[in-house]
Amino acid sequence: MVDQSGKTAWVTGASSGIGEALVKAFVADGGSAILSGRRVAELERVAGETSAPERCHILPFDTEDFAVLASMVAQAVAFTGKVDILVNNAGISQRSLAIDTDFSVYEKIVSVDLMAPIALTQALLPHLLKQGAGQLIMISSVAGKAGVPLRTAYCAAKHGLVGYSDALRSEVAGQGVKVLVVAPGSVRTNVSRNALNADGSVRGASDAAIDNGIDPNAVAQTIWNSVADGRREIVIAEGMEANIPVLRAKNPEQLFDMVEAMVANGYAQKMASKDES
């Protein structure tokens with residue numbers, strides 16, 4: 001456990017998956033949480049299932065509605081008088097070949113997965129710098145460390161989030177604000193079910209890798225422990241997925257061969273049939 005007493009964390013995408021787990025763990029450890037997302041009923045459910053619902057504040061909004069961010073920041077700060085931690089967790093994935101994918105899918109995923117977290121971070125950053133302390137947590141992906149088939153838009157956005165975070169970290173490190181980039185692999189969430197197809201429709205089915213992935217509660221605990229330890233980047237993955245960032249850095253040619261072989265061996269067809277096993 002990490003003592004979060006007296007701290008306030010603002011979590012986007014808090015209605016399910018990693019976001020839900022982060023909220024529940026944070027409140028269980030004594031903190032107060034601001035839950036953001038679009039599904040009010042689910043945000044209320046998550047808050048009600050925490051150990052202290054009275055320390056939760058529901059703040060629904062669409063992360064792509066950049067015009068409301070100044071108001072959202074003001075409301076978030078008003079809850080306890082400060083925001084100590086911002087977790088940019090809201091996101092959307094993809095399951096389609098580049099050649100088949102409508103450009104609108106790229107626009108949507110880059111907007112949600114890259115521009116939205118940048119916009120919210122920029123809106124909250126003056127508050128964090130003024131108080132001289134704060135923690136930014138950016139939920140990227142293993143797909144943000146290396147290219148993965150059928151996720152060209154998702155990889156582009158998540159790579160971009162890593163780049164923004166690394167550059168921002170260097171600028172604010174001496175002003176009390178820390179930045180942690182998290183690169184999860186397969187986690188048992190709805191990420192595949194909610195992924196976009198080539199035409200922008202919702203996939204509506206999960207993958208075997210996701211269904212057999214890491215428990216989001218374990219991911220949340222690892223993240224909070226990493227914040228306490230002052231980490232700046234972590235990969236939370238198992239098996240081959242854990243090796244992908246290592247190979248990208250140490251032996252990219254081997255990684256390129258590996259992912260090309262995945263496609264050659266029918267990976268796209270298996271995903272199209274919604275069977276990744």
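Residues numbered from 1 in each chain as written. Predicted model: local features only at pLDDT ≥ 70, side-chain atom pairs only at ≥ 80, totals over all residues. Heavy atoms only, no water.

- Under an unreviewed UniProt entry, the protein chain has the name SDR family NAD(P)-dependent oxidoreductase and belongs to Sphingorhabdus contaminans.

## Describing the side chain of Ser 32
Part 1: Its location among the elements puts Ser 32 in strand E2 (residues 32-36).
Part 2: Judged by its relative accessible area of 12%, Ser 32 is buried.
Part 3: Non-local contacts of Ser 32, meaning those with residues more than four positions away in its chain, are made with Lys 7, Thr 8, Ala 9, Phe 26, Arg 55, Phe 79 and Thr 80. (Helix = DSSP H or I, 4+ residues; strand = E, 2+ residues; numbered from the N terminus. Buried < 20%, exposed > 50% of the residue type's maximum accessible area, 1.4 Å probe, protein only. Contact = heavy atoms within 4.5 Å.)

## Section: the environment of Ile 34
Part 1: Among the structural elements, Ile 34 can be located in strand E2.
Part 2: Of the residues examined, Ile 34 reaches a relative accessible area of 0% and is grouped as buried.
Part 3: With residues up to four places along the chain from it excluded, the contact list for Ile 34 reads Thr 8, Ala 9, Trp 10, Val 11, His 57, Leu 59, Ala 76, Phe 79 and Val 83.

## Regarding the pattern of salt bridges
Proximity of charged atoms lets side chains of opposite charge pair with each other.
Part 1: Summed over all chains, the structure comprises twelve salt bridges.
Part 2: Note that Lys 108 is salt-bridged to Glu 64, the shortest N-O span being 2.5 Å. Taken as a pair, Lys 108 in helix H4 (residues 103-131) and Glu 64 in the loop between strand E3 (56-58) and helix H3 (69-80) lie far apart in primary sequence, 44 residues in all.
Part 3: For Glu 64, a relative accessible area of 24% translates into the label partly exposed.
Part 4: One salt bridge in this structure joins Arg 203 and Asp 207, with 2.5 Å as the shortest N-O distance. Asp 207 matches Arg 203 in its accessibility class, with the two residues each being buried.
Part 5: Each of Glu 20, Lys 24, Glu 42, Arg 45 and Glu 49 takes part in salt bridges that share partners, so that together they form one network. (Salt bridge = Lys/Arg side-chain N within 4 Å of Asp/Glu carboxyl O.)

## Some details on the sheet that holds strand E7 (residues 233-236)
Part 1: Taken in spatial order, the seven strands line up as E3-E2-E1-E4-E5-E6-E7 in an open sheet, and their pairing is parallel. Single-partner strands in this sheet number two, and they are E3 and E7. Each strand of the sheet is rotated relative to its neighbour by a mean of 15 degrees, with strand direction disregarded.
Part 2: As paired elements, strand E1 (residues 8-12) and strand E4 (residues 85-88) share three bridges and run parallel to each other. Looking at E4, one finds that Val 11 is bridged to Val 87.
Part 3: Along the sheet, H4 makes contact with E1, E4, strand E5 (134-139) and strand E6 (177-184), crossing E4 at roughly 175 degrees. (Pairing = 2+ DSSP bridges. Axes fitted to C-alpha atoms, helices over the stretch in contact; angles between N-to-C directions.)

## What to know about unusual backbone geometry
What is expected of a backbone is that most residues other than glycine have negative phi and most peptide bonds are trans.
Part 1: Positive phi, normally seen in glycine, also occurs at Leu 150, with a value near 70 degrees.
Part 2: Structurally, the position occupied by Leu 150 is in the loop between E5 and helix H5 (152-172).

## Points about the packing of aromatic side chains
Part 1: For the structure on display, the rule yields three aromatic pairs.
Part 2: Note on Trp 10 and Phe 61: the rings are 6.3 Å apart at their centroids and 55 degrees apart in plane angle, and the pair reads as tilted. Of this pair, Trp 10 sits in strand E1 while Phe 61 sits in the loop between E3 and H3; the two residues are 51 residues apart in sequence, bridging distant segments of the chain.
Part 3: The class for Phe 61 is buried, based on a relative accessible area of 9%. (Phe/Tyr/Trp six-rings, centres within 6.5 Å; stacked < 30°, edge-to-face > 60°.)

## A look at the nonpolar core
Part 1: Judged by nonpolar contacts, the single largest core of 35 residues is most densely connected at Trp 10, Val 83, Ile 109, Leu 120, Leu 124 and Leu 136.
Part 2: Sorting the residues of this core by element identifies H3, H4, E5, H5 and E6 as the ones contributing at least two each.
Part 3: Sorting elements by how many residues they give to this core places H4 first, with ten residues.
Part 4: Those residues in contact with Leu 120, other than ones at most four positions away along the chain, are Trp 10, Thr 12, Phe 61, Leu 69, Val 73, Leu 86 and Asn 88.
Part 5: Judged by nonpolar contacts, the second largest core, of 32 residues, contains Leu 35, Leu 43, Cys 56 and Ile 214. (Core = buried A, V, L, I, M, F, W, Y, C linked by side-chain atoms within 4.5 Å.)

## Examining the side chain of Thr 12
Part 1: Structurally, Thr 12 can be placed in strand E1.
Part 2: A distance of 2.9 Å separates a polar atom in the side chain of Thr 12 from the backbone nitrogen of Asn 89.
Part 3: The contacts of Thr 12, once residues within four sequence positions are left out, are Ser 36, Val 87, Asn 88, Asn 89, Ala 90 and Leu 120. (Polar contact = N/O pair within 3.5 Å; in protein donor to acceptor, adjacent residues only side chain to side chain.)

## Points about the pairing of E7
Part 1: Of the two faces of E7, only the one carrying Ile 234 and Ile 236 is buried; Glu 233 and Val 235 on the other face are not.
Part 2: The pairing of E6 with E7 spans four bridges and is parallel. Paired with Val 181 across the bridge in E7 is Glu 233.

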